[in-house]
Amino acid sequence: ATALLACSQPTPAAADEPRGQADSAAEAMSAAYPEAIADFENGELIFADGTRMAVSDGIEGKSEAAILDSPDIDDMFAWPYPSGEPAPATRDPGRARHEPLFRRLYGDCRSGGAAALDLRDVAWMPSLRGGTLPMSTRHGAADALEAVVRELEALPPGMTRFLVPSAGSFNCRPIAGTDRLSAHGLGIALDIATAQSDYWRWAGGEGARWRNRIPYEIVEIFERHGFIWGGRWRHFDTMHFEYRPELLVGRRGDAR
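Right, let's walk through the structure included here.

The next subject is the overall build of the protein. When its secondary structure is counted, the protein shows 6 helices and 8 strands. Put simply, the protein runs from its N terminus to its C terminus through helices and strands in the order α-β-β-β-α-α-α-β-β-α-β-α-β-β. Across the 256 residues in the protein, those meeting the buried criterion constitute 49%. Of the contacts made within the protein by residues no fewer than 6 positions apart, 62% connect residues no fewer than 24 positions apart. Carbon and sulfur atoms provide 49% of the accessible area of the protein, an area that totals close to 11300 Å².

In structure tokens:
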């Protein structure tokens, strides 16, 4: 295995073009998904087949709700994804997803069901007979989860209650309370043991006080391999991990 994204070098923007947040977002996407995104220029991602997608919709000053409800690609990077020990969150870094982009990268379960996605069953905590979790094989997601499992298996026995039984992975459904497709419907997300997890809706809904019981050792392993954690969100979901290497460009790991 190689270091996370270390071998993926984005195509730089032309020297005479001003660099801004949109350029940084495009660069991160190009680095994270080199098989799909060949280049970027003039505010657009250029896919391997030559088609293009705008990074920004041109709307400035969006509210937090607007960023979550109708994000462009640029908005996905509005709140930097943090590192370090879990701490109360004031934003939702990584919770915004530009759905047309992710359907392009992983497929559309709403129109074709599971058959529209390239899923592979990944053995979840096999020493504990944790069953299997369907995960997308595209862009290294399933390989990354297998690398996570190898490291989780080496944790002390006291950690297992946070991991088994899992609460599943692929599920073609919307995000609760919205009509937006869940990352579970893309085959890039999984939930670990709910009995040891905290979720903002269970804790009283909007404005619920952040809480967490998941050890940092577990979070760190997932993040090292390209997964972000819902415990870093103001709308906390501490059982939730999803493969989002574009938000972790530059961190060390073995996801690719």
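This paragraph deals with the packing of aromatic side chains. Considering all chains together, one arrives at 7 aromatic pairs under this definition. Relative to phenylalanine 222, the ring of tryptophan 124 has its centre 6.5 Å away and its plane inclined at 35°; by these criteria the two rings are tilted. Placement of the pair is tryptophan 124 in the loop between β4 (119-123) and β5 (132-136) and phenylalanine 222 in helix α6 (residues 216-224), with a sequence separation of 98 residues. Of the two residues, tryptophan 124 and phenylalanine 222, neither departs from the other in class, the shared state being buried.

Our focus in this paragraph is the state of the cysteines. Tallied over the full model, the rule gives 1 disulfide. Each disulfide pairs two cysteine sulfurs, and for cysteine 109 the partner residue is cysteine 172, the sulfurs being separated by 2.1 Å. One disulfide, between cysteine 109 and cysteine 172, carries an S-S torsion of 85° and so falls in the right-handed class. In this pair, cysteine 109 is assigned in helix α4 (residues 109-112) and cysteine 172 in the loop between α5 (141-152) and β6 (189-191), connecting sequence segments 63 residues apart. Classification of cysteine 109 as buried rests on a relative accessible area of 3%. Residue cysteine 172 is classed as partly exposed on the basis of its relative accessible area, which comes to 33%.

Examined bridge by bridge, strand β1 (residues 37-41) and strand β2 (residues 44-47) share 4 bridges and lie antiparallel to one another. Note on β2: the bridge partner recorded for glutamate 41 is glutamate 44. The loop that links β1 with its antiparallel partner β2 comprises 2 residues; one of these, asparagine 42, has a positive phi angle of about 50°.

What counts, and where the lines are drawn
Residues numbered from 1 in each chain as written. Predicted model: local features only at pLDDT ≥ 70, side-chain atom pairs only at ≥ 80, totals over all residues. Heavy atoms only, no water. Helix = DSSP H or I, 4+ residues; strand = E, 2+ residues; numbered from the N terminus. Buried < 20%, exposed > 50% of the residue type's maximum accessible area, 1.4 Å probe, protein only. Contact = heavy atoms within 4.5 Å. Areas by Shrake-Rupley, 256 points an atom, 1.4 Å probe, with all protein chains shown as cover. Phe/Tyr/Trp six-rings, centres within 6.5 Å; stacked < 30°, edge-to-face > 60°. Disulfide = S-S within 2.5 Å. Pairing = 2+ DSSP bridges.

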